[in-house]
Amino acid sequence: MNASNFVVHKFGSAVQERAFLVDYARRFVAQRRLAGTASAFIWAGFMLRDWWIVHALASPIIWKVGAFRVVGGIGMYSAVWLAWRPRFYDERAATRIIVAGTAAAWLGILGIMLVVPLDIAFREYYPGLLLIFLMVFTLFRLRAVVAAWAGCACLLIFNLTELVGYVRTQVPMQQQQFALAWVSASIYSLIYYLVGFGISAQLELAARRDFVARRSQLAAKGRADAANQAISRQNAAMKELANDKERFFSSAYHDIQQPLAAINLFVWSARNKLKQGRDASHDLEVVANTARDILDMFKGIQEYSQLGTYDPQIAPVDLTQVIDELADQYGGVAASKAIVFRIADRRGRCERPWVLSDRPMLKRVLSNLVSNAIRNTHEGGVVLGWVNLRDRIRVDVRDTGVGIAAQHRNAIFSEYFQLCNPGRDPSKGLGLGLSIVRRVLAILPDHVLQLRSIEGRGSRFSVYVPASIRATVPRSAQSHAPEDLSTLEGKYAILCDDDPAVLEGLRRLFSGAGLLVDAVGSIAEVATLLQGSSRSPDVVITDLRLGDSATGADVARQVRQHFSWASVIPVAFVTGELLSPNILRDFQRPFILLQKSASPQSILLEVGRLVATQGTSDDDSNMAGEPGKPVPLADGRSVPAQLPL
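Model, not experiment: these values are computed from the prediction.

A.B. asks: Tell me about the overall build of the protein, residues and numbers included.
C.D. replies: The number of helices and strands found in the protein is 15 helices and 14 strands. Scored against the burial criterion, the 645 residues of the protein give a buried share of 42%. Carbon together with sulfur atoms contributes 59% to the accessible area of the protein, which is approximately 35,300 Å² in total.

So this is what it looks like as structure tokens:
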């Protein structure tokens with residue numbers, strides 16, 4: 001038998017040990033009370049048995065037996081009474097009460113054994129001591145260490161008491177009988193003690209194992225409940241997402257069908273007019289405007305989808321510059337609706353406001369608010385301004401539009417909700433503008449939106465932004481790209497797209513801007529083109545997803561590797577998918593990611609900025625881009641540069 005099975009160790013954690021003691025006392029409080037109450041009834045029964053045993057003895061002995069029985073009973077009954085008090089739920093208090101009651105009973109029986117004759121003492125009363133041992137080591141569920149000390153004390157008191165009795169015995173024959181009985185009783189008591197300690201140790205070990213198992217079960221149940229709650233939340237989120245998708249597809253299907261139908265009708269009308277030699281410019285203008293509406297719809301969807309993975313870059317931002325850009329952007333739009341769009345009077349403001357924000361995101365928020373205000377204002381105008389609140393700057397967009405009823409002030413920030421578009425006019429978008437504002441402000445720290453509106457009189461959207469001291473913008477961070485397309489004239493580009501119609505459209509777009517373009521439809525055609533070309537392209541423009549499992553990144557790497565002696569060639573990836581720029585995090589810069597749904601003008605401007613930025617950063621490293629000049633190689637040789645055929 002392994003001795004460790006009888007050794008009880010405390011838990012390594014004091015917190016866990018305290019928790020075990022609390023659990024132990026509460027778990028066995030009923031058993032202890034029942035055992036104590038039963039002991040009290042047994043003690044009372046033995047008082048009647050005392051009379052039956054000692055009634056024939058001398059009167060002084062009877063009184064002494066009765067006195068010891070009463071004194072011991074008082075101690076026991078007091079312990080039983082305390083066991084039914086609330087403090088018995090505390091393990092240390094319960095241990096003290098049980099030990100005190102046990103000691104009273106033990107001393108009472110030992111006192112009786114001292115006053116009654118020897119044969120009666122060991123025959124009639126000694127079994128009572130063994131019964132107390134049984135209670136101490138089992139029914140009272142004392143912890144092993146407490147039971148061991150209590151039992152050891154009982155044995156010591158027993159032997160001291162018997163020693164007193166042995167000394168008081170004067171007759172040698174009686175001393176011999178007393179000694180024999182004493183030794184026998186001590187051996188029996190020791191055996192009971194050892195067996196009882198083993199039992200109490202096993203009981204406590206079992207209790208500790210059960211405590212650990214129940215704690216583990218509760219922890220597992222807690223984790224399971226947490227997982228179930230997480231799954232429930234995820235299911236609810238998925239259900240909401242499914243509802244959003246269903247709502248989106250329903251709205252998008254309706255909103256896109258109308259402009260597509262209009263495009264088909266006006267294209268048919270334009271063809272007929274051209275066949276008849278009539279002017280079709282009006283029909284083509286309607287087609288262009290309708291196509292622009294569709295592009296705006298997809299632009300809103302793209303912006304909304306990208307917010308989930310956007311990592312804001314907080315830095316000092318010149319708010320005045322952002323407001324001026326918005327004034328240039330929306331002045332013409334407001335004028336076309338015959339309403340006023342102005343910037344609040346800045347006279348008397350001695351300092352330009354600087355804020356801590358993400359410049360593109362802040363501009364997107366203000367742009368959406370201004371666009372929404374202009375869209376819902378039919379007379380009067382829109383005012384954009386700011387107020388310095390010391391630690392914060394409040395940017396206000398005020399309009400004299402339709403206003404927003406109280407019951408709609410939360411709904412307007414929901415996806416696809418449009419207050420004044422019951423007919424789903426595609427020129428008014430999909431209803432994502434204010435929902436984008438809400439999502440952007442949720443990811444920008446310390447940015448707060450406030451809305452005040454009076455139905456029929458207008459609204460004021462206020463964005464609170466943390467203020468910042470004026471910052472110096474590094475020269476490297478300033479834009480080098482002009483807003484015209486002159487930077488593309490005479491530059492050479494390799495264009496790749498596996499869709500022939502899109503490839504031809506892009507070729508015409510960039511050729512019209514002055515680019516020299518080689519257009520190919522696959523990565524294999526790129527390899528063939530490179531074999532006969534020695535001029536390094538100024539830019540590679542490629543679809544991100546190509547056929548035969550190839551990607552635009554593969555095309556760009558192939559071109560860069562072929563012209564490894566030149567500077568790193570900038571790449572413009574064009575895609576029709578809603579992708580995050582993070583998918584290109586392992587691709588070497590410089591590069592940009594463009595959407596095919598973007599307007600042709602914006603595509604040209606972005607590519608022009610990319611080419612201009614690269615040219616400014618390394619003017620001398622792209623001599624291969626100039627026809628007629630020799631191209632330096634790594635080993636010192638040179639090859640003549642020529643334009644591709």
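A.B. asks: Tell me about the pattern of salt bridges, and please be specific about residues and values.
C.D. replies: Tallying each qualifying case throughout the model produces 21 salt bridges. As a salt-bridge pair, Asp 23 and Arg 214 come within 2.6 Å of each other at their nearest N and O atoms. Residue Asp 23 is found in helix 1 (residues 14–27), and its partner Arg 214 is found in helix 7 (residues 172–275); the two are separated by 191 residues along the sequence. Here Glu 504 and Arg 508 are joined by a salt bridge, their closest N and O atoms 2.8 Å apart. Linking Glu 504 with Arg 508, this pair stays in helix 12 (residues 500–512), spanning 4 residues, or about one helical turn. Assessed through its relative accessible area of 58%, Arg 508 is described here as exposed. Overlapping salt bridges, with partners in common, bring together Asp 23, Arg 27, Asp 210 and Arg 214 in one network.

A.B. asks: Help me get a handle on the environment of Thr 169, residues and values and all.
C.D. replies: With respect to the element layout, Thr 169 can be found in the loop between helix 6 (144–168) and helix 7. A relative accessible area of 13% places Thr 169 in the buried class. Once residues lying within four places of it in the same chain are set aside, the contact partners of Thr 169 are Gln 174, Gln 175 and Phe 178.

A.B. asks: Describe the packing of helix 2 (residues 29–54) against helix 5 (residues 118–139), with residues and values.
C.D. replies: Remark: helix 2 packs on helix 5, axes separated minimally by 12 Å, with the N-to-C direction vectors making an angle of 175°. With respect to each other, helix 2 and helix 5 are oriented roughly antiparallel. Judged by residue contacts, Gln 31, Ala 35, Ser 39, Ile 42, Arg 49, Asp 50, Ile 53 and Val 54 of helix 2 engage Ile 120, Glu 124, Tyr 125, Leu 131, Met 135, Thr 138 and Leu 139 from helix 5. Considered class by class, the residues forming the contact of helix 2 with helix 5 number 9 nonpolar, 3 polar and 3 charged.

A.B. asks: Run through the sheet that holds strand 8 (residues 492–496), naming residues and quoting values.
C.D. replies: Read across the sheet, 5 strands follow the order 9-8-10-11-12 without closing on themselves; strand pairing throughout is parallel. For this open sheet the edge positions go to strand 9 (516–520) and strand 12 (591–595), each flanked by a neighbour on one side alone. Taken over all neighbouring pairs, the strand axes of this sheet differ in orientation by 20° on average, direction set aside. Taken together, the 4 bridges between strand 10 (residues 539–543) and strand 11 (residues 571–575) define a ladder with parallel strand orientation. For Ile 541, the partnering residue across the bridge sits in strand 11 and is Ala 572. In the packing of helix 12 onto the sheet, contacts are made with strand 8, strand 9 and strand 10, and the angle to strand 9 comes to roughly 175°.

A.B. asks: Break down the pairing of strand 5 (residues 392–399) for me, with residues and values.
C.D. replies: Extensive coverage of strand 5 is indicated by the burial of 6 of its 8 residues. Summarising the sheet, strand 4 (residues 381–388) and strand 5 pair through 7 bridges and their orientation is antiparallel. Its bridge partner lying in strand 5, Asn 388 is registered against Ile 393. Following strand 4, the chain reverses through 3 residues before pairing antiparallel with strand 5; Arg 390 in that reversal takes a positive phi of roughly 70°.

A.B. asks: So, the side chain of Ser 357: which residues are in play, and what are the values?
C.D. replies: In this structure, Ser 357 sits in strand 3 (residues 354–357). Judged by relative accessible area, Ser 357 falls into the buried class, the value being 1%. In this structure the side chain of Ser 357 is engaged in a polar contact, spanning 2.9 Å, whose partner is the side chain of His 447. Here Ser 357 is in contact with Gln 313, Ile 314, Ala 315, Val 317, Leu 362, Leu 444, His 447 and Val 465, once residues within four sequence places are set aside.

A.B. asks: Describe helix 1, with residues and values.
C.D. replies: Here helix 1 spans 20 Å end to end across 14 residues, near enough to the 20 Å set by a 1.5 Å rise per residue. Capping the start of helix 1, Ser 13 holds a side-chain oxygen 3.3 Å from the backbone nitrogen of Val 15, two or three residues further along.

A.B. asks: Quick rundown of the packing of aromatic side chains? Include the residues and the values.
C.D. replies: Applying the stated rule across the entire model yields 17 aromatic pairs. Between Phe 11 and Phe 20 the ring centres are 5.7 Å apart and the planes differ by 75°, which places this aromatic pair in the edge-to-face class. The class of Phe 11 is buried, set by a relative accessible area of 17%. We classify Phe 20 as buried; its relative accessible area is 0%.

A.B. asks: How would you sum up the nonpolar core? Please name residues and give values.
C.D. replies: Nonpolar side chains tend toward joint burial in soluble globular proteins. Formed by 45 residues in total, the largest nonpolar core has its most connected members in Trp 106, Met 113, Val 116, Tyr 125, Tyr 126, Leu 129 and Phe 158. Taken together, the elements giving at least two residues each to this core come down to helix 2, helix 3 (59–83), helix 4 (91–115), helix 5, helix 6 and helix 7. Counting residues per element, this core draws most heavily on helix 5, which supplies 12 residues. With residues up to four places along the chain from it excluded, the contact list for Phe 158 reads Trp 106, Leu 110, Met 113, Phe 122, Tyr 126, Leu 129, Trp 182, Ala 185, Ser 186 and Ser 189. One finds Tyr 330, Leu 366, Leu 369 and Ile 436 within the second-largest nonpolar core, a separate group that totals 35 residues.

A.B. asks: Describe a positive patch on the surface, with residues and values.
C.D. replies: A cluster of basic side chains, namely Lys 10, Arg 18, Arg 87, Arg 92 and Arg 96, defines a positive patch on the protein surface. Structurally, Lys 10 can be placed in the segment before helix 1.

A.B. asks: So what's going on with the side chain of Arg 560? Which residues, and what values?
C.D. replies: With respect to the helices, strands and loops of the structure, Arg 560 is situated in helix 14 (residues 552–562). Not counting residues up to four positions away in its chain, the partners in contact with Arg 560 are Val 568, Ile 569, Pro 570, Val 571, Phe 587, Gln 588, Arg 589 and Pro 590.

A.B. asks: Any chance you could break down empty space enclosed by the protein for me, citing the residues and the numbers?
C.D. replies: For the structure on display, the rule yields 1 cavity of 30 Å³ or more. Each pocket or cavity is described by its volume, and for the largest cavity that value is around 400 Å³. As for the largest cavity, its lining consists of 28 residues, and the residues nearest its centre are Ser 39, Met 76, Ala 105, Ile 132 and Phe 140. The element best represented in the lining of the largest cavity is helix 2, accounting for 9 residues. When the residues that make up the lining of the largest cavity are grouped by side-chain class, the tally is 17 nonpolar, 6 polar and 5 charged.

A.B. asks: Explain helix 14 to me, and be specific about the residues and the numbers.
C.D. replies: Of all the positions in helix 14, only Gly 552, Ala 553, Val 555, Ala 556, Val 559 and Arg 560 are classed as buried. The arc enclosing the buried residues of helix 14, seen along the axis, measures out at 160°, which places them on a common side. Among the structural elements, strand 8, helix 13 (523–531), strand 10 and strand 11 are those in contact with the buried residues of helix 14.

A.B. asks: I'd like a rundown of a nonpolar patch on the surface, residues and numbers included.
C.D. replies: Together, Val 183, Ile 187, Ile 191, Val 195 and Ile 199 make up an exposed nonpolar region whose accessible area comes to about 420 Å². Tracing the backbone shows Ile 199 in helix 7.

A.B. asks: So, the confidence of the model for the protein: which residues are in play, and what are the values?
C.D. replies: Chain-level pLDDT for the protein is 79 on average; 79% of the residues reach the 70-or-more range. The lowest-confidence element of the protein is strand 14 (residues 638–640), averaging 37 in pLDDT; the highest-confidence one is helix 1, averaging 93. Contacts for the low-pLDDT stretch residues 472–482, under 50 throughout, to residues beyond four places or in other chains number 9 contacts. Segment residues 619–645: pLDDT under 50, and 44 contacts once partners within four positions in sequence are set aside and those in other chains are kept.

A.B. asks: Go over the state of the cysteines, please, and point to the residues and values.
C.D. replies: One pass over the full model with this rule turns up 0 disulfides. Distance from the sulfur of Cys 152, which forms no disulfide, to the nearest cysteine sulfur (Cys 154) is 9.3 Å.

Analysis parameters
- Residues numbered from 1 in each chain as written.
- Predicted model: local features only at pLDDT ≥ 70, side-chain atom pairs only at ≥ 80, totals over all residues.
- Heavy atoms only, no water.
- Helix = DSSP H or I, 4+ residues; strand = E, 2+ residues; numbered from the N terminus.
- Buried < 20%, exposed > 50% of the residue type's maximum accessible area, 1.4 Å probe, protein only.
- Areas by Shrake-Rupley, 256 points an atom, 1.4 Å probe, with all protein chains shown as cover.
- Salt bridge = Lys/Arg side-chain N within 4 Å of Asp/Glu carboxyl O.
- Contact = heavy atoms within 4.5 Å.
- Axes fitted to C-alpha atoms, helices over the stretch in contact; angles between N-to-C directions.
- Parallel < 35°, antiparallel > 145°, perpendicular 65-115°, else oblique.
- Nonpolar A, V, L, I, M, F, W, Y, C, P; charged D, E, K, R; others polar.
- Pairing = 2+ DSSP bridges.
- Polar contact = N/O pair within 3.5 Å; in protein donor to acceptor, adjacent residues only side chain to side chain.
- Expected span 1.5 Å × (residues − 1).
- Phe/Tyr/Trp six-rings, centres within 6.5 Å; stacked < 30°, edge-to-face > 60°.
- Core = buried A, V, L, I, M, F, W, Y, C linked by side-chain atoms within 4.5 Å.
- Patch = residues over 30% accessible without salt bridge, like charges linked within 9 Å, V, L, I, M, F, W, Y side chains within 5 Å.
- Lys, Arg positive; Asp, Glu negative; His and termini not counted.
- Charge placed at Lys NZ, Arg CZ, Asp CG, Glu CD.
- 1 Å grid on protein atoms, 1.4 Å probe; cavity = no way out; pocket = protein on both sides within 12 Å on 5 of 7 lines; lining within 4 Å.
- Points joined across faces, edges and corners; volume = space filled by probe spheres on them.
- Arc of directions from axis to C-beta.
- pLDDT = per-residue confidence, 0-100.
- Disulfide = S-S within 2.5 Å.

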